[in-house]
Amino acid sequence: MFESQLNERASTLLNAILERQPAMAQGRIRDRLFRVLSLLMVEKGLASADAATLKEALALVIPRSLQATFTRLEDPGRYKRIIRDAMVDLDAYYAMPREIKRWTPVHFKSDKPPSGMRVIAFCASPRKNGNTEVMIDEAIAGAASAGAQVEKVRLQSLKMRFCTGCRKCKDADFVEYCAIKDDMTALYPKIAAADAIVIGFPVYTETHCGQLAAFFDRWDPFLWKKFGSKRAMVIGGWGFPEITTYDHVMEHVMFILRIHNIETVEAVSACGLIGKLRGLDEDGKAILLRYPGELRKVYEAGRILVTGRQG
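Computed from a predicted model, the values in this text were never measured in an experiment.

J.: Could you clarify how one ought to interpret the nonpolar core in this entry?
T.: Buried together is how nonpolar side chains tend to be arranged in soluble globular proteins. Within the largest apolar cluster, 41 residues are counted, with the highest numbers of intra-cluster contacts made by Phe-122, Ile-197, Ile-199, Phe-201 and Phe-215. The set of elements that each furnish at least two residues to this core consists of β2 (118-123), α8 (184-193), β4 (196-204), α9 (210-217), β6 (230-237), α11 (247-258) and β7 (262-271). The next biggest cluster of nonpolar side chains, apart from the first, holds 31 residues, and it includes Val-119, Ala-139, Val-268 and Ala-270.

In structure tokens form, the structure reads like this:
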């Protein structure tokens, strides 16, 4: 029914979006979309929906990562310039839009002085000294500048086995954190003792990377052996040169932290980390090192993570 209420551009956009979805999910997506679209049309007093209204509805129903479809359809020249050309041409690669967004911080008052704070940062990127790690280094430098004790752990360097779902950790008479003995054994008490946690990761295949997924699976003991509330900073980076593309992935990581009684109070995300040199420069260094003004946002967020902010 609603297809007849879409103008030509909106109908083309809808078909392009649905074609990218699994066939089994298309019906459910369509139903949710048209329900939201009908509410927007009533709100705006529209008899038919244009592409702008459809995009507004789509943004409320599907992940923002599909916005690449919008760009490809509505401005193919720009899509070619910022995506396709940057994959093969060095000048286009260096000209690709890159940005770091500092999310609106959660206002809070620190319950201890920065000099008494312990911060542990986890880098989930498999690439050493890449853009994720550069941002983490800025964050913990900001925390250290305020007097906090900081430590960084690269997940890629750990001998960490996968969670088996044995749930031994929830047994009342099991006094350890986990039945699996590997490098996680020494990390559990460090996580429990930390005042703040920094989680940094790249987005791979539409979600946070596998290293972080495996790491979070091993956090099951913290669901049963509760620790006091903590604060966190989340750092994410991705290739597509739009700064909101994977906000939903950032929010999902924040949710995982929240169910473990860790509240994210600072977050930064970076875009444009793809192309001919795969997010590096010609010297093999992280491309974000060429954007000191953007990195300053990460440093400041790391400082506020431990100093606190009056609400």
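J.: What exactly am I supposed to notice about the pattern of salt bridges here?
T.: For side chains of opposite charge, pairing can occur when their charged atoms come near one another. A full pass over the atoms with the stated rule returns 18 salt bridges. The shortest N-O distance in the salt bridge between Glu-176 and Lys-181 comes to 2.2 Å. Residue classification places Lys-181 among the partly exposed residues on the basis of a relative accessible area of 44%. Linked through salt bridges whose partners overlap, the residues forming this network are Glu-133, Asp-137, Lys-152 and Arg-154.

J.: I keep staring at the environment of Pro-63 and nothing clicks. Help me out?
T.: With respect to the helices and strands, Pro-63 occurs in the loop between α3 (51-61) and α4 (67-74). With 134 residues separating them along the chain, Pro-63 and Ile-197 place their C-alpha atoms 27 Å apart.

Rules of the game
Residues numbered from 1 in each chain as written. Predicted model: local features only at pLDDT ≥ 70, side-chain atom pairs only at ≥ 80, totals over all residues. Heavy atoms only, no water. Core = buried A, V, L, I, M, F, W, Y, C linked by side-chain atoms within 4.5 Å. Buried < 20%, exposed > 50% of the residue type's maximum accessible area, 1.4 Å probe, protein only. Helix = DSSP H or I, 4+ residues; strand = E, 2+ residues; numbered from the N terminus. Salt bridge = Lys/Arg side-chain N within 4 Å of Asp/Glu carboxyl O.

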